[in-house]
Amino acid sequence: MKTSLLNDIIFPGLIITAQILAVVVPVLISVAFLVYAERKVLALIQLRRGPNIVGPFGILQSFADALKLITKENIIPSGSNKIVFILAPIITMVLSLAGWAVIPFAPGWVVSDINVGIMYLFAVSSLGVYGIIMAGWASNSQYPFLGALRSAAQMVSYEVSIGFVIITVLLCVGSLNLSKIVMAQETVWFAIPLLPMFIIFFISALAETNRLPFDLPEDESTLVAGFFTEYSSASFVLFFLGEYASMILMSSMTVILFLGGWLPPFDIFPFNAIPGVIWFTIKIIFILFLFIWVRGTFPRYRYDQLMRLGWKVFLPFSLFWVVATSGFLVYFDMLPK
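Residues numbered from 1 in each chain as written. Predicted model: local features only at pLDDT ≥ 70, side-chain atom pairs only at ≥ 80, totals over all residues. Heavy atoms only, no water.

## Here's the deal with the overall build of the protein chain
Regarding its fold elements, the protein chain presents 11 helices and 0 strands. Against the 2.2 N^0.38 benchmark of 20 Å for 337 residues, the protein chain shows a C-alpha radius of gyration of 21 Å, consistent with a compact globule. Projected onto its principal axes, the C-alpha positions of the protein chain cover 65 × 60 × 45 Å. Buried residues in the protein chain amount to 45% of all 337 residues. (Helix = DSSP H or I, 4+ residues; strand = E, 2+ residues; numbered from the N terminus. Rg over C-alpha atoms; globule rule 2.2 N^0.38 Å. Buried < 20%, exposed > 50% of the residue type's maximum accessible area, 1.4 Å probe, protein only.)

Rendered as structure tokens:
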């Protein structure tokens, strides 16, 4: 009986826990270094120094900031809905980490290699809006509530375009499995034949993660800090971690769908001698650099411009590209068998 309990429940549970920690811990550490990298890149763009005091070259600045925030008092507004107010950042953080369960880092390097991985990712990223709406409503304050309404409209608008982009990729692959999507790009990365979809997906990812120039839900110049204006201490840290973990997750989706995942750019030595997980990491770093570069380059959109871009430009064009891709594949009889 004890042996059966160990073999059937305890050992598999320990293995799954170890797999989860092997993904979650590096992601959280990567968030800290991403914040540092963002501050350094923005400093270079703006001709200033950036973090340079805490640790060698200021590399420990993010950890010092996190420690400072966590040790501060967690203030809950008296007029807020306290339970929802506390749950909102937790939900945001959990959802930003849940998507990593199906991300393949290399052949066989995935926590759960399910056949509907892309649908799982799309569903998890869509649920992220709930944490922001809950935060804005539970704060019982005008600016957070307005930021939450903006976020709901913005994320729903750009999820439609992201959905059509994903459909285009799936038509070319014939599978919802993320590993198979990567292996379908052995000959050519989808970023080349589907370049317009790659651009639309990247811009929609900026809007989906509330990044500049689409950071209207947190718009400091008009909404103080947007939906998390009333948050402090550990609750603010959870929102912060959730946003940057979502950035890394959307970057990994971009790499898997369009940049060949763990595949090298050329199947020749020394490119194919580098482990796949390193190629995957390099590509994610490149996409994250683009996230930061866009923030330091473009001004914030007005809200009407944001909505017009999503509904009048991206939606019709992505729908047209789905039809064009389908027609091309049928005409040349190239549909996946």
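## Side note on the packing of aromatic side chains
Counted by the stated rule, this structure contains 16 aromatic pairs. A centroid spacing of 5.8 Å and a plane angle of 50 degrees characterise the contact between F201 and F258, whose relative ring orientation is tilted. In this pair, F201 is assigned in helix α7 (residues 195-208) and F258 in helix α9 (residues 233-258), connecting sequence segments 57 residues apart. With relative accessibility at 0%, the residue F201 sits in the buried group. Considering the side-chain rings of Y231 and F239, the 5.0 Å spacing of their centres and the 80 degrees angle between planes classify their relative orientation as edge-to-face. Across the pair, exposure class does not vary: Y231 and F239 are buried alike. Three or more aromatic residues joined by ring pairs make a cluster, and in this case those are Y158, F214, Y301 and F314. (Phe/Tyr/Trp six-rings, centres within 6.5 Å; stacked < 30°, edge-to-face > 60°.)

## Considering unusual backbone geometry
In this structure, L47 is a non-glycine residue whose phi angle is positive, near 60 degrees. Relative to the helices and strands, L47 is located in the loop between α1 (2-45) and α2 (61-70). Look at S233: it is not a glycine, yet its phi comes out positive at around 55 degrees. With respect to the helices and strands, S233 occurs in helix α9. On the basis of relative accessible area, S233 is assigned to the buried category, the value being 4%.

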